[in-house]
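Architecture at a glance
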Amino acid sequence: MTRIVSIGPERLERWLAGFTERHGVTSYDVTPTHLSASAEDGSRADIEVPFGPLEDRTPAGLVAHVLTERRVGLLLVRRGGYGAGVFAGTKLVDSKVGSRHVQGTTKAGGWSQQRFARRRDNQAREAFNAATEVAVRILAPAKLDVLVCGGDRKAIDTVLEDPRLKALHPLVRPPFLGVADPRQKVLEQAGVDARAIRIELTDPPGSD
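A few points on the structure. All values reported here derive from a predicted model rather than from experimental measurement.

**A look at the pairing of strand 5 (residues 71-78)**
- When you tally the buried positions in strand 5, you get six out of eight residues, the bulk of the element.
- With eight bridges connecting them, strand 5 and strand 6 (residues 81-88) associate as antiparallel partners. Bridge pairing in strand 6 links Arg71 to Ala88.
- In textbook terms, the turn of a hairpin is the stretch between consecutive antiparallel strands, and for strand 5 and strand 6 this stretch comprises two residues.

Here's what the structure looks like:
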């Protein structure tokens, strides 16, 4: 059976040691983008390197890598809201969230439906324009190491098309976060989720 666990960077070193304690002698295969741990009992743990590539291709190197303090930008955009934030390590140092009303779908037909669709598209465009201005103000000058995005992919692509945000494109890294309409608490939790280490655990054969 395979399952996913998520832990904070501060817990990774102890988690790897505990994996060996629980499952026996462990061998590692480490690349710039991935760590695989294979234990004596057949258990396996796979970790995608966050904010890679990894230079020191050892378990200790991965621990040091995830504990490195970075300036991480967050851009969250949905039709109903947007948020941008800058984290220095775990500390949120700058942020802005906002919302715009965008009407839902309608069952009306004909000319009324077309008028409704135009109004809805205009509202969405205004919302994305507002999100873009916030990104330009908060993220563009922030000297980021990494940018993590979330919400609606099409909305994010629309915002990042702005020429003023061109320098952010090479900084975008996974994960792409699924979030509710961005509010301050949502933005703060997204900062935690962006730093989290995702581990895919595979149980040993015959353990079902």
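Once you've had a look at it, read on.
**Examining the sheet that holds strand 4 (residues 44-48)**
- The antiparallel open sheet is built from five strands, whose spatial order is 1-9-4-3-2. Of all strands in the sheet, those with a lone pairing partner are strand 1 (2-7) and strand 2 (26-30), marking the two edges. The average angle at which neighbouring strand axes cross in this sheet is 20°, direction not considered.
- Where strand 1 lies against strand 9 (residues 197-202), six bridges are found, and the strand directions are antiparallel. Directly across from Val5, in strand 9, lies its bridge partner Ile199.
- Of the strands in this sheet, strand 1, strand 2, strand 3 (34-39), strand 4 and strand 9 touch helix 1 (residues 12-23), which is tilted by about 160° from strand 4.

**A word on the side chain of Ser36**
- Note that Ser36 resides in strand 3.
- For Ser36, a relative accessible area of 6% puts it in the buried group.
- Only 3.1 Å separates the side chain of Ser36 from the side chain of Arg44, close enough to count as a polar contact.
- Sequence-distant contacts of Ser36, defined by excluding residues within four places in its chain, comprise Ser27, Tyr28, Asp29, Arg44, Ala45 and Asp46.

**Structural notes on the environment of Arg70**
- Topologically, Arg70 is positioned in the loop between helix 2 (59-67) and strand 5.
- Here the alpha-carbon distance between Arg70 and Asp145, two residues 75 residues apart in the chain, equals 6.1 Å.
- The contact partners of Arg70, leaving out residues within four places of it in the chain, are Phe51, His65, Phe87, Ala88, Gly89, Asp145 and Val146.
- There is a polar contact of 3.3 Å between the side chain of Arg70 and the backbone oxygen of Thr68.

**Looking at the layout of surface pockets**
- In this structure, the largest pocket occupies an estimated 300 Å³ of space.
- Surrounding the largest pocket, 18 residues form its lining, Glu48, Val49, Pro50, Pro174 and Arg198 being those nearest its centre.
- For the lining of the largest pocket, the secondary-structure elements that each account for two or more residues are strand 4 and strand 9.

**Thoughts on the packing of aromatic side chains**
- Applying the stated criterion across every chain, the model contains one aromatic pair.
- A centroid spacing of 5.5 Å and a plane angle of 20° characterise the contact between Trp15 and Phe19, whose relative ring orientation is stacked. Here Trp15 and its partner Phe19 are both found in helix 1, four residues apart, which amounts to about one turn of the helix.
- For Trp15, a relative accessible area of 12% translates into the label buried.

**Observations concerning unusual backbone geometry**
- A cis geometry characterises the amide bond from Gly52 onward to Pro53, with omega recorded as 10°.
- Residue placement: Pro53 occurs in the loop between strand 4 and helix 2.
- Within the chain, Lys143 stands out as a residue other than glycine whose phi angle is a positive 55°.
- The residue Lys143 is located in the loop between helix 3 (110-138) and strand 8 (146-151) in this model.
- Exposure remark for Lys143: the relative accessible area of 71% places this residue in the exposed category.

What counts as what
- The residue numbering used here restarts from 1 in each chain and proceeds along that chain's sequence as written.
- Side-chain atom pairs in this predicted model are given and counted only at pLDDT of 80 or more, local residue features only at pLDDT of at least 70, and totals for whole chains, interfaces and linings cover all residues.
- Hydrogens and water are ignored here; the side-chain numbers use all heavy atoms of the structure.
- A simple rule labels every residue: compare its accessible area, found with a 1.4 Å probe on the protein chains alone, to the largest value its type can have, and call it buried under 20%, exposed over 50%, or partly exposed in between.
- Per the convention used, a helix needs a DSSP run of H or I reaching at least four residues, while a strand needs a run of E reaching at least two, with both numbered from the N terminus.
- Two strands pair if DSSP finds at least two bridges between them.
- Note on geometry: axes are C-alpha line fits, over the in-contact stretch for helices, and angles between N-to-C directions span 0 to 180 degrees.
- Should any heavy atoms of two residues lie within 4.5 Å, those residues are counted as being in contact.
- Polar contacts, as used here, are pairs of N or O atoms within 3.5 Å; protein pairs need one atom able to donate a hydrogen and one able to accept it. Residues neighboring in sequence count only if both atoms are side-chain atoms.
- Grid points spaced at 1 Å and placed over the protein atoms alone form the basis of the search, with a cavity being a set where a 1.4 Å probe fits but cannot get out and a pocket an open set showing protein on both sides within 12 Å along at least five of seven lines. Lining residues have an atom within 4 Å of a point.
- Grid points are joined across faces, edges and corners, and a volume is the space filled by probe spheres set on the points.
- For Phe, Tyr and Trp, rings pair up if their centres lie within 6.5 Å, where Trp contributes its six-membered ring, and each pair is then called stacked (planes under 30 degrees apart), edge-to-face (over 60) or tilted (otherwise).

These figures capture arrangement, not role.
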